[in-house]
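The lines below spell out each chain.
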Amino acid sequence: MVFDQVLSDGVLDTANWLVATGGPASVTGASVVGGVVQITLSAVPASVTAVTFSPPPFDVVAAGSGLAAEAFTGFPVVTT
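Undergrad: When you look at the nonpolar core in this model, what are you seeing that I'm missing?
TA: Formed by 14 residues in total, the largest nonpolar core has its most connected members in Phe3, Leu12, Trp17, Val37 and Val60. Leave out the neighbours within four places in its chain, and Val60 touches Phe3, Leu7, Leu12, Trp17, Phe53, Leu67, Ala68 and Ala69.

Undergrad: Is there a simple way to think about the pairing of strand β5 (residues 48-53) in this case?
TA: In summary, the side chains of a regular strand alternate between the two faces of the sheet. Two strands pair when backbone bridges link them, and strand β2 (residues 17-21) and β5 are joined in this way by five bridges, in the antiparallel orientation. Opposite Thr21, over in β5, you have Val48 as the bridge partner. With three bridges joining them, β5 and strand β6 (residues 72-76) adopt antiparallel strand pairing. Each residue of the ladder has a partner; that of Phe53, found in β6, is Phe72.

Cut-offs and rules
Residues numbered from 1 in each chain as written. Predicted model: local features only at pLDDT ≥ 70, side-chain atom pairs only at ≥ 80, totals over all residues. Heavy atoms only, no water. Core = buried A, V, L, I, M, F, W, Y, C linked by side-chain atoms within 4.5 Å. Buried < 20%, exposed > 50% of the residue type's maximum accessible area, 1.4 Å probe, protein only. Contact = heavy atoms within 4.5 Å. Pairing = 2+ DSSP bridges. Helix = DSSP H or I, 4+ residues; strand = E, 2+ residues; numbered from the N terminus.

What follows is the structure in structure tokens.
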């Protein structure tokens, strides 16, 4: 997942993330690496259709300004 600003790298709170899947899977890890949010799931689902980010804590922050990313619900996911 890529945001519109460069993000500060670090470990994120997995409780902030929900992934809509085509099978049983939960978020077991979340982090920012190289400015990109990476989410790890407990299992490989049949599909991933949407992602929800529901802080606090506001741990996704812009590297330069320190501004926190706003919450979002049901962001559509396209896999290739």
